[in-house]
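Architecture at a glance
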Amino acid sequence: LRPRRPPAPPPPHRDRRGPPGFTDHVALGNEEWNPWEGDEKNELAASQQRYEANLKMIKYARTRLEQISLRVQIWGKAAIGLYLWQHIFGGDLEPADVTAQWREGSQKAGKTYFSFLTGPAVVPGYFPVEAEHVVLVLNGREEAKVASATQWLQYARTLIHTRKIQHVAVVLLGNEQCNNGWIQPYLKRNGGFVNLLFVTYDYAFINEEDIFQWPLGVATYRNFPVVEPNWSMLHDPRSYLCNFLGTVYKNSSRETLMEVLKQDGLDKLCWIAAREQWQPQETNESFKNYQDALLQSDLTLCPVGINTECYRIYEACSYGSLPVIEDVMTPGDCGNSSMYHSAPLQLLKTMGAPFIFIKNWNELPAVLEKEKKMNLQEKIQRRKKLLEWYQNFKAWMRQKFINTLENSLLPSDKG
């Protein structure tokens, strides 16, 4: 038998829509033939190029917007400079050693590049001036400090006259009785060269135009640290209702405070360590005791000293211990203006500080009685509110400082 011939292959399938030789779209596995494919590829490449060119333009424009417009050098010649830089700006310093002769840091914020210098080796004429705009942090608390501050201002004035720098702002640790008249002639409004003044305490000349109130902050001169809130600080029960570690001056309201605490045995519920003489420097042990007292107390008692505002207020906030503040004006020239109806502590009150304000320490037993009735959950909520407020306060002060500098020192776009 002859073998059978295999069946002939079927004729090629003709695409009815095109001439013979063009295969049907089915035969290409659903890939439709596109006679314009070449043009589309070219258009796609051109479109991609246009997109990338536009992207470059946008990036360039954004870079221009984000470019540094101001370079500001901060000369920290008072301890409140460390509160400004480390606590409010959250800036670092190299070296970390607090006893170093020379420490510096830098940070970009807004349209400004800030550099910060501090330490005993920062002496007029013996360090590089690397910015056209300078913020001088000065201590004007007493006559000896004013003499040193004046030397710095005279040095800055020379730099202005020789066109080494353009503008000067001052952050001033003011006098506790607000006797700051010595700085007035240096202000631009009075024919001087200082554009802006940020000053501590309720200085009557604060106008929110070129003179602004600045917070006293924590005692950085005693190396009070930047405290990072943690879980236990918020949630753990605290052993004491309140604390007061400090000097009890003769014939002061602090004597009244001690009497009130002893009356009903309230001093047994609080961490009280009173001394008769002020100590400028803490020992390691006394400083640790103080920090422990803040951490272990729900309330921190803040009696007035020479001024109502004190470091203790901000240090208590750092540890989530609510300040109880004696809300009375101290003798001197602070806040003696109808504009400052909420002095003392105008700045803190304006910022909605969630503190307990009392006019007399005889009100304290009622405050502590209420405290005894609060449960832990209520205290946790209060701590959260206090710590959040303090973080927001520092962030707001930082932004206000930057905005004030930029608005004053940057050339205006108007007209």
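Residues numbered from 1 in each chain as written. Predicted model: local features only at pLDDT ≥ 70, side-chain atom pairs only at ≥ 80, totals over all residues. Heavy atoms only, no water.

**Side note on the sheet that holds strand E10 (residues 297-302)**
Condition: Being paired, for any two strands, means DSSP has found at least two bridges between them. Only DSSP runs of H or I with at least four residues qualify as helices, and only runs of E with at least two residues qualify as strands; both kinds are numbered from the N terminus onward. Where helices are involved, their axes are fitted lines through C-alpha atoms of the stretch in contact, as for all axes, and angles between N-to-C directions lie from 0 to 180°. We call two residues in contact whenever any of their non-hydrogen atoms come within 4.5 Å of each other.
Overall, parallel pairing links the 5 strands, which are arranged E9-E8-E10-E11-E12 in an open sheet. What marks the edges here is a single partner per strand, and that holds for strand E9 (270-275) and strand E12 (356-358). Each strand axis lies, on average, 20° off the axis of its neighbour in the sheet, ignoring direction. Across 3 bridges, the pairing between strand E11 (residues 322-326) and E12 is parallel. Along E12, the bridge assignment pairs Val 324 with Ile 356. Against the sheet, helix H7 (residues 311-318) engages strand E8 (240-247), E10 and E11, with an angle of about 170° to E10. Sitting on the sheet, helix H10 (residues 376-409) is in contact with E8, E10 and E11, with an inclination near 55° to E10.

**Examining the side chain of Thr 300**
Rules: Burial classes: relative accessible area under 20% of the type maximum marks a residue as buried, over 50% as exposed, and values in between as partly exposed (1.4 Å probe, protein chains only). Definition of a polar contact: a pair of N or O atoms within 3.5 Å, with one able to donate and the other able to accept a hydrogen when the atoms are protein atoms, and with sequence-neighbouring residues admitted only if both atoms are side-chain atoms.
Looking at the element boundaries, Thr 300 is found in strand E10. Judged by relative accessible area, which is 0%, Thr 300 ranks as buried. For Thr 300, the side chain forms a polar contact with the side chain of Ser 321, separated by 2.7 Å. With residues up to four places along the chain from it excluded, the contact list for Thr 300 reads Asn 243, Leu 294, Arg 312, Ala 316, Ser 321, Leu 322, Pro 323 and Val 324.

**Overview of empty space enclosed by the protein**
Convention followed: Definitions used for this entry: grid spacing 1 Å over protein atoms alone; cavity, a set of points where a 1.4 Å probe fits but cannot get out; pocket, an open set with protein on both sides within 12 Å along at least 5 of 7 lines; lining residue, one with an atom within 4 Å of a point. Grid points are joined across faces, edges and corners, and a volume is the space filled by probe spheres set on the points.
Applying the stated criterion across every chain yields a total of 1 cavity of 30 Å³ or more. Considered as a void within the structure, the largest cavity measures approximately 60 Å³ in volume. Along its surface, the largest cavity is lined by His 87, Val 226, Val 227, Pro 229, Ser 318, Leu 387, Tyr 390, Gln 391 and Lys 394. By residue number, the principal contributor to the lining of the largest cavity is H10, which donates 4 residues.

**Section: the state of the cysteines**
Spelled out, the test is: Two cysteine sulfurs form a disulfide in these notes if their separation is within 2.5 Å.
Inspection of the entire model under this criterion finds 2 disulfides. Each sulfur of the disulfide joining Cys 242 and Cys 270 lies 2.0 Å from the other. Handedness of the Cys 242-Cys 270 disulfide follows from its S-S torsion of about 105°: it is right-handed. Highlighted residues: Cys 242 in strand E8 and Cys 270 in strand E9, separated in sequence by 28 residues. In this structure, Cys 242 and Cys 270 share a single accessibility class: buried.

**Here we look at the sheet that holds strand E3 (residues 112-118)**
Pairing is mixed in the open sheet, where 7 strands are placed in the order E2-E3-E1-E4-E5-E6-E7. With partners counted over all chains shown, the strands left at the sheet margins are strand E2 (103-109) and strand E7 (211-214), one partner each. Across the sheet, the mean angle from the axis of one strand to that of its neighbour is 20°, orientation sign disregarded. With 7 bridges joining them, strand E4 (residues 133-139) and strand E5 (residues 167-173) adopt parallel strand pairing.

**Side note on the pattern of salt bridges**
Formally: Throughout this description, the term salt bridge denotes a Lys or Arg side-chain nitrogen within 4 Å of a carboxyl oxygen of Asp or Glu.
Following the criterion strictly, the structure yields 12 salt bridges and no others. A salt bridge links Asp 267 to Lys 268; the nearest nitrogen and oxygen atoms lie 3.9 Å apart. Taking relative accessible area as the criterion, Lys 268 reaches 66% and is therefore assigned exposed. Asp 292 serves as the salt-bridge partner of Lys 288, at 2.9 Å between the closest nitrogen and oxygen. With Lys 288 and Asp 292 both in helix H6 (residues 284-295) and 4 residues apart, this pair spans about one turn of that helix. The exposure class of Lys 288 is partly exposed, given its relative accessible area of 49%. On the basis of relative accessible area, Asp 292 is assigned to the partly exposed category, the value being 25%.

**Side note on unusual backbone geometry**
Across the junction of Glu 94 and Pro 95, the peptide omega takes the value -10°, indicating a cis bond. Position of Pro 95 relative to the elements: it lies in the loop between helix H2 (80-88) and E2. The residue after Ala 343, namely Pro 344, is reached through a cis peptide bond having omega 5°. As for its position among the elements, Pro 344 is in the loop between E11 and helix H8 (346-350). Positive phi, normally seen in glycine, also occurs at Glu 208, with a value near 60°. Within the secondary structure, Glu 208 sits in the loop between strand E6 (194-200) and E7. The class of Glu 208 is partly exposed, set by a relative accessible area of 42%. We note that Leu 345 has phi near 60°; this positive angle belongs to a residue other than glycine. Tracing the backbone through its elements, the reader meets Leu 345 in the loop between E11 and H8. Among the residues examined, Leu 345 registers a relative accessible area of 2% and is labelled buried.

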